[in-house]
Amino acid sequence: MFQVFTDFASWLTYAILGLSADTKLGDAIHFFIEDVSKIFVLLIVMIYFIALLRASLKVEKVRDYLAGKNRGIGYLMGSSFGAITPFCSCSSIPVFLGFTSAGIPVGITMSFLLTSPLINEVAILLLMSLLGWKFTVLYVVIGMAVGILGGLFLDTIKAERWLQSFAADALKQGQQNTQNSMQAAESTESLSFKERHEFAKEESLEIFGRVWKWVIVGVGLGAALHGFVPDGWIEQHLGDGQWWSVPAAVLLGIPLYSNATGVIPVMESLINNGLPVGTTLAFCMSTVAASFPEFILLKQVMQWRLLVTVFVMLLVSFTLVGWIFNAFSSFL
C-alpha cells in the first residue's frame with residue numbers, strides 16, 4: 001500500500017538529487033521524503049473522510065451529554081471524545097474551559113484533556129502503517145487508560161478546589177445550570193452532503209495548517225536519528241533495559257514539544273535505532289502530553305497544587321507504561 005511512497009522517495013533522492021543509497025545523508029533524505037509524503041497524503045485524504053463522518057458532532061451537545069452521565073461512564077466518554085478530536089495539548093485548553101463552564105466534573109474534563117493530545121485519528125493511522133496493529137491497539141488502550149485513571153484520581157482528591165478562582169466559579173455556575181441547559185438544547189438538523197463536504201474540506205485544511213510544521217520537525221528529527229546517529233549509540237546508552245532508562249527518557253521529553261502526529265516518525269526512528277519500545281513510548285508520551293508549553297497554558301486555569309499533581313501523575317504514569325512495555329515487548 002505504501003510502496004508508492006518508497007518508490008517516490010527513491011526516485012527523488014537517488015535519481016533527481018543524485019545521492020547515494022550507501023551514505024548516511026542519502027539514507028536520511030530518503031527517510032525524510034518517504035515519511036513526509038506519506039504523512040501529508042494521510043493527513044489530507046483521511047482527515048477529510050473522517051471529518052465527513054464527524055460533520056454533525058457538536059461540542060455543546062457532547063458537553064450536555066457528559067454532564068448528565070454518572071462518573072464511570074463520564075470518564076470513558078470524556079476519554080473517548082478526547083481520542084476522536086483532533087486537538088493538540090495547547091488547543092485543548094479552550095475546550096477544557098467549555099467543559100468546566102458546562103458544569104462537568106473536573107475528573108471527566110481531565111479525562112478528555114489527558115487523552116486528546118495522546119490519541120487522534122492521524123496518529124492511529126500512522127502507527128498502524130509504521131509499527132503494526134498490535135502496537136497501535138496497545139497505544140490507544142494505554143492512552144485512554146491514562147485519561148480515565150487520571151480523571152478518577154483527580155476527582156477522588158477533589159481537584160476542583162485547586163482551580164483558578166474564575167474557573168472554579170464557572171464550574172459551580174455550570175453545575176447549577178446544567179439541567180436547564182440540557183432541557184433547552186435543540187437537536188441538530190442533519191447536514192446535507194454539500195455542507196458535510198464543506199465542513200470536511202475546511203477542517204482538513206485547518207488541521208493540516210496546524211500540524212504540517214510539526215510533521216516536518218518530527219520527521220526531520222526522525223531522519224537525523226535514522227541517518228546520522230551512530231549504529232548502536234542509542235542502544236548502548238538507553239537500550240540495554242536499564243531500569244533508569246525509562247524515567248530518563250520521560251525527563252528528556254519534558255523540554256520538547258510536539259503533537260502525536262509529529263512525534264510518531266521520531267518514535268519509528270528511535271525503535272529502528274535500537275531503543276526499546278517502552279522507553280520510546282515513554283519519551284514520546286512525555287513530549288506530547290507533559291511538555292512545558294502545555295503546562296504554561298494550564299497554569300492559566302489551574303493553581304500550582306493541581307498543576308504539580310497533574311505533572312507528577314503524568315510522569316509516573318509514563319514511567320510505569322514504559323516499564324510495562326519493555327517487560328512485555330517480546331509479545332508485540
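This section reports on the structure supplied with the text. (Residues numbered from 1 in each chain as written. Predicted model: local features only at pLDDT ≥ 70, side-chain atom pairs only at ≥ 80, totals over all residues. Heavy atoms only, no water.)

Attention shifts here to the packing of aromatic side chains. A full pass over the atoms with the stated rule returns three aromatic pairs. Seen in terms of ring centroids, F135 and F325 are 6.1 Å apart; in terms of plane orientation they differ by 65°. Their pairing is edge-to-face. A residue pair is termed long-range when its members are at least 10 positions apart, and F135 in helix α8 (residues 133-156) and F325 in helix α16 (residues 304-327) qualify at 190 residues. Exposure remark for F325: the relative accessible area of 6% places this residue in the buried category. (Phe/Tyr/Trp six-rings, centres within 6.5 Å; stacked < 30°, edge-to-face > 60°. Helix = DSSP H or I, 4+ residues; strand = E, 2+ residues; numbered from the N terminus. Buried < 20%, exposed > 50% of the residue type's maximum accessible area, 1.4 Å probe, protein only.)

The next point concerns the nonpolar core. Core analysis: the largest hydrophobic core is formed by 61 residues, its most contacted members being M110, M285, M302 and V310. The element contributing the most residues to this core is α16, with nine residues. Ignoring any residue separated from it by four or fewer positions in sequence, one finds V310 in contact with M110, L114, L154, F295 and M302. Formed by five residues, the second largest nonpolar core is a distinct cluster that contains I39, F40, V215 and V219. (Core = buried A, V, L, I, M, F, W, Y, C linked by side-chain atoms within 4.5 Å. Contact = heavy atoms within 4.5 Å.)

Three or more residues of helix α12 (residues 245-253) are buried, namely S245, V246, A249, V250 and G253. For α12, the angular spread of the buried residues around the axis is 140°, confining them to a single face. Facing away from the buried surface of α12 by more than 90 degrees, the exposed residues are L251 and L252. (Arc of directions from axis to C-beta.)

Secondary-structure assignment places A290 in the loop between α14 (277-289) and α15 (292-298). For A290, a relative accessible area of 0% gives the class buried. Considered as a pair, A290 and V312 are 22 residues apart in the sequence and their alpha carbons are 9.3 Å apart.

On to the side chain of T109. Examined against the element boundaries, T109 turns out to sit in helix α6 (residues 106-115). Apart from residues no more than four positions distant in its own chain, T109 is found in contact with F96, F99, T100 and I104.

This next bit is on the environment of T6. Relative to the assigned elements, T6 resides in helix α1 (residues 3-16). Residue classification places T6 among the partly exposed positions, given a relative accessible area of 22%. For T6 and S37, which are 31 residues apart along the polypeptide, the C-alpha to C-alpha distance reads 9.4 Å. In this structure T6 touches H30 and E34, once residues within four positions along its chain are discounted.

This part covers the pattern of salt bridges. Proximity of charged atoms lets side chains of opposite charge pair with each other. Scanning the model with the defined rule gives one salt bridge in all. Its salt-bridge partner being K201, residue E198 comes within 3.5 Å of it at the nearest N-O pair. Here E198 and its partner K201 are both found in helix α10 (residues 193-228), three residues apart, which amounts to about one turn of the helix. (Salt bridge = Lys/Arg side-chain N within 4 Å of Asp/Glu carboxyl O.)

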